[in-house]
Amino acid sequence: MEKLKVAIVGFGFMGRTHYGVWKKLRNAKVVCVCDSNLAQITAKTKGNLDVADNSDLPSSVRVYDDFDKMLETEKLDAVDITLPTPLHPVMSIKALEKGVNVLCEKPMAIDAKTCDRMVATEKKSGAKLMVAQCVRYWPEYAVLKNFVDSGKYGKVIAADFTRFSPAPVWNRGGKCWFLDESKSGGVALDMHLHDTDEIHHLFGMPESVSSRSHLHKDGWTDFIVTTYSYPDKVVTSSSSWAMAPSFVWESGFRVVFEKAVAVLNTHSNPAFVVYPEKGKPFTPKVPKASGYESEIKEFVAWISGDEANPVTAQSARDSVAIVDAERKSAKTARSVKIQI
Ligand SMILES: NC(=O)c1ccc[n+]([C@@H]2O[C@H](COP(=O)([O-])OP(=O)(O)OC[C@H]3O[C@@H](n4cnc5c(N)ncnc54)[C@H](O)[C@@H]3O)[C@@H](O)[C@H]2O)c1
């Protein structure tokens, strides 16, 4: 079987992280990488999970600094877009219009209106667009989804999700595009979206949201907390870029079912524990593959015509629409209805 020919576009933290997964797959091959800053192809970068040291590109992988030239020259089955957020719609649309399948990093785009253009282009093109909402594939979150869908522990009564990190400047010289909210969408769109998307994935669209946020002295949002309105459960989530640089990344959830509580806290050992109504607390078995590996395998299965459950462009777009409402709510200090 011929391997799928794939290009990674943007070879920063996520490009390298994804490369680490692609190189393990048997049915796909990275044939080229593109970065407007060629030094990125060999430079070491550092991101929030510290897994991105993948500078061992074989010389057979062709290198481009111009996306249009790469699309023109290569015969590709897929592009993996790991660029800064403002470039997600531009580059995804160009690739789709050429009939090339797209795996696009989250957030899909800066707002739902921009996402709509991507959804429309995908429909017209006949190619496929999946958004890399990796938390849906993260092992503990995948197990949680199974608990919710199976009803194994009854209905969910309440759920709280958290994601706390220092500002994402790492070795980016103390300032970078992430801190420009017009580019990244700030902590609400760049990081909090992970939990908003998970909440959407688990419980469907909320009726409304009520958010409060805190502004850093330099004008960007560094903390957001949201209550998502559902008729039968209490759902909350908070995310921070306000933690001191020495703070170690923390994320997780506390989901209260009728007959158990499921808790994930990356600062605890064990991190994932289920406290059942009867019997002792235990740590459930989780899939071994990382969320990044599972999401990329899902994308490959989908574009290969195999059975798959991808994050569709419409579903990712709807998660961005929830965050649009959260940002509006935080600004106005009022509850905001979700418009689809
Ligand atoms: N899923 C996750 O867990 C996760 C984690 C971190 C970042 N992200 C997302 O991934 C995306 C990229 O983030 P990152 O941390 O890798 O950023 P980054 O700044 O480390 O990397 C972006 C790369 O794109 C390159 N680039 C910029 N403009 C380009 C152009 N016109 N053509 C080609 N290359 C260009 C830059 O030179 C850089 O190497 C963002 O949207 C971010 O929100 C997702």
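Residues numbered from 1 in each chain as written. Predicted model: local features only at pLDDT ≥ 70, side-chain atom pairs only at ≥ 80, totals over all residues.

**Q** Explain the sheet that holds strand β2 (residues 28-34) residue by residue, including any values.
**A** Overall, parallel pairing links the six strands, which are arranged β3-β2-β1-β4-β5-β6 in an open sheet. The open sheet is flanked by β3 (62-64) and β6 (129-132), the only strands paired with a single partner. If you compare each strand with its neighbour and ignore which way they point, the axes differ by 25 degrees on average. In this sheet, strand β4 (residues 78-81) lies alongside strand β1 (residues 4-9) in parallel orientation, the contact comprising four bridges. Bridge pairing links V9 to I81 in β4. (Pairing = 2+ DSSP bridges. Helix = DSSP H or I, 4+ residues; strand = E, 2+ residues; numbered from the N terminus. Axes fitted to C-alpha atoms, helices over the stretch in contact; angles between N-to-C directions.)

**Q** An account of the nonpolar core is requested, with residue identities and associated values reported.
**A** Core analysis: the biggest nonpolar cluster contains 84 residues, and A7, V9, V102 and L103 have the highest contact counts within it. The greatest single-element share of this core, amounting to eight residues, is contributed by helix α9 (residues 313-332). Here this core spans two domains, since at least three of its residues come from each of domain 1 (4-132 + 293-308) and domain 2 (136-288 + 320-337). Apart from the residues lying within four places of it in its own chain, the contact partners of A7 are V31, C32, V33, C34, M70, E74, L76 and V79. (Core = buried A, V, L, I, M, F, W, Y, C linked by C-beta atoms within 7 Å. Buried ≥ 20, exposed ≤ 12 C-beta atoms within 10 Å, placed from the backbone. Domains from an automatic or database assignment. Contact = placed C-beta atoms within 7 Å.)

**Q** Describe the packing of helix α4 (residues 112-125) against α9, naming the residues involved and giving the relevant values.
**A** Where α4 contacts α9, the axes come no closer than 9 Å and their chain directions differ by 170 degrees. Regarding the angle of α4 to α9, the classification is roughly antiparallel. Along the contact surface, α4 presents A112, C115, D116, M118, V119 and E122, while α9 presents A313, Q314, R317, V320, A321 and D324. Taken together, the residues of the contact of α4 with α9 break down into seven nonpolar, one polar and four charged. (Parallel < 35°, antiparallel > 145°, perpendicular 65-115°, else oblique. Nonpolar A, V, L, I, M, F, W, Y, C, P; charged D, E, K, R; others polar.)

**Q** Please give an account of unusual backbone geometry that cites residues and values.
**A** It is generally the case that most residues other than glycine have a negative phi and that most peptide bonds are trans. Going from K106 to P107, the amide bond is cis rather than trans, its omega being -15 degrees. Along the chain, P107 turns up in the loop between β5 (101-105) and α4. Cis geometry marks the peptide bond from N269 to P270; its omega dihedral reads 0 degrees. Tracing the backbone shows P270 in the loop between β12 (260-265) and β13 (272-276). Positive phi, normally seen in glycine, also occurs at A333, with a value near 55 degrees. Here A333 lies in the loop between α9 and β14 (336-337).

**Q** Tell me about the site of the ligand, residues and numbers included.
**A** Around the ligand there are 25 residues in total, and G10, G12, F13, M14 and S36 lie nearest to it. Here the element with the most residues in the shell around the ligand is helix α1 (residues 13-22); it accounts for three residues. For the shell around the ligand, a count of residues per class yields eleven nonpolar, ten polar and four charged. (Near = placed C-beta within 6 Å.)

**Q** Any chance you could break down the sheet that holds β13 for me, citing the residues and the numbers?
**A** The mixed open sheet is built from eight strands, whose spatial order is β13-β12-β11-β7-β10-β9-β8-β14. On the outer flanks of this sheet lie β13 and β14, each paired with one strand and no other. Taken together, the seven bridges between strand β7 (residues 156-164) and strand β10 (residues 234-240) define a ladder with parallel strand orientation. Opposite D160, over in β10, you have T236 as the bridge partner. Each of β7, β8 (208-215), β9 (221-229) and β10 is contacted by helix α7 (residues 186-203), which is oriented at about 155 degrees to β10, the strand it contacts most.

**Q** Report on helix α8 (residues 291-303), specifying residues and quantitative values.
**A** Between its first and last C-alpha, α8 extends 18 Å over 13 residues, near the 18 Å set by a 1.5 Å rise per residue. As for α8, its buried residues are in contact with β1, α1, β2, β4, β5 and β6. Looking one or two residues past α8, G305 carries a phi angle of roughly 85 degrees, positive in sign. (Expected span 1.5 Å × (residues − 1).)

**Q** Describe the environment of K152, naming the residues involved and giving the relevant values.
**A** Structurally, K152 is set in the loop between α5 (139-150) and β7. Judged by C-beta crowding, with 13 C-beta atoms within 10 Å, K152 ranks as partly exposed. Sequence separation between K152 and I338 is 186 residues; the distance between their C-alpha atoms is 30 Å.

**Q** Which residues make up the domain arrangement of the chain, and what values go with them?
**A** Segmentation of the chain into domains returns domain 1 (4-132 + 293-308) and domain 2 (136-288 + 320-337). Distance between the C-alpha centres of domain 1 and domain 2: 25 Å. Taken together, the 17 residues of domain 1 in the interface contact 17 residues of domain 2. Of all the secondary structure elements, the ones that give two or more residues to the side of domain 1 that touches domain 2 are α4 and α8. When residues of the side of domain 1 that touches domain 2 are assigned to their parent elements, the largest contribution, three residues, is made by α8. In terms of residue class, the side of domain 1 that touches domain 2 is made up of eight nonpolar, four polar and five charged.

**Q** How would you explain the pairing of β5 if you had to name every residue and give the values?
**A** Counting buried positions along β5 yields five of five residues, so the element is predominantly enclosed. Burial along β5 is two-sided: N101, L103 and E105 and V102 and C104, pointing in opposite directions, are all buried. Sheet topology note: the β4/β5 ladder contains four bridges and is parallel. When the bridges of β5 are listed, I81 appears paired with C104. In the classification by handedness, the crossover that spans β4, the intervening helix α3 (residues 87-97) and the parallel β5 is right-handed. (Right-handed = clockwise from strand over helix to strand, strands pointing away.)

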